[in-house]
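This is what each chain is made of:
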Amino acid sequence: MADDNDNDQEQGDGAGGPGQGVGVVAKTSPKTKRPSLYKVLLLNDDYTPQEFVVWLLQAVFKKDAEEAVRIMLHVHQSGIGVCGVYTYEIAETKVAQVMELSRRNQHPLQCTMERE
Ligand code: TYC
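Residues numbered from 1 in each chain as written. Predicted model: local features only at pLDDT ≥ 70, side-chain atom pairs only at ≥ 80, totals over all residues. Heavy atoms only, no water.

Draft legend 1. Focus on the nonpolar core. Of all hydrophobic cores here, the largest spans 22 residues; its most connected members are V40, L42, L56, L57, F61, V98 and L109. Put simply, the parts of the chain that give this core at least two residues each are β3 (37–43), α1 (50–61), α2 (65–78), β4 (80–87) and α3 (88–104). For this core, the leading source of residues is α1, giving seven residues. (Core = buried A, V, L, I, M, F, W, Y, C linked by side-chain atoms within 4.5 Å. Buried < 20%, exposed > 50% of the residue type's maximum accessible area, 1.4 Å probe, protein only. Helix = DSSP H or I, 4+ residues; strand = E, 2+ residues; numbered from the N terminus.)

Draft legend 2. Region of interest: the sheet that holds β3. Strand order in this open sheet of three strands is β4-β3-β5, and the pairing throughout is antiparallel. Looking at which strands have only one partner, the edges of the open sheet turn out to be β4 and β5 (110–115). Looking at each pair of strands side by side, their axes are set apart by 30° on average, direction ignored. In the sheet, β3 pairs with β4 via seven bridges, with the strands oriented antiparallel. Bridging across to β4, L41 finds its partner in V82. α3 rests against β3, β4 and β5 of the sheet, and its axis sits at about 165° to β5. (Pairing = 2+ DSSP bridges. Axes fitted to C-alpha atoms, helices over the stretch in contact; angles between N-to-C directions. Contact = heavy atoms within 4.5 Å.)

What follows is the structure, given as structure tokens:
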């Protein structure tokens, strides 16, 4: 099947046109839809300690220490970076957790989400 809908239906006599093995592929309406995905993005700033960002990436995004350092350094060097990709509500919750943890620790760290 060439598309991702899992809804193609082969029609015809099973042998296609006169014995050619060719069928007509008709689309039915999809029964399931995959949810849209959202990137959670971390923004660089000059004040949030690197160790706090690494800790946060492990605590909120379940990254191991090595991956957390890699993401933090990428954001530090390029200004923005992806922490993970999630469905809408999960992405929204992660952004809220980052903003709340940053606020509680008096860091200016910013986090946002963007549809993939
Ligand atoms: N630039 C910060 C520093 O040098 C570290 C940092 C990294 C801050 C990533 C935010 O999303 C960030 N202390």
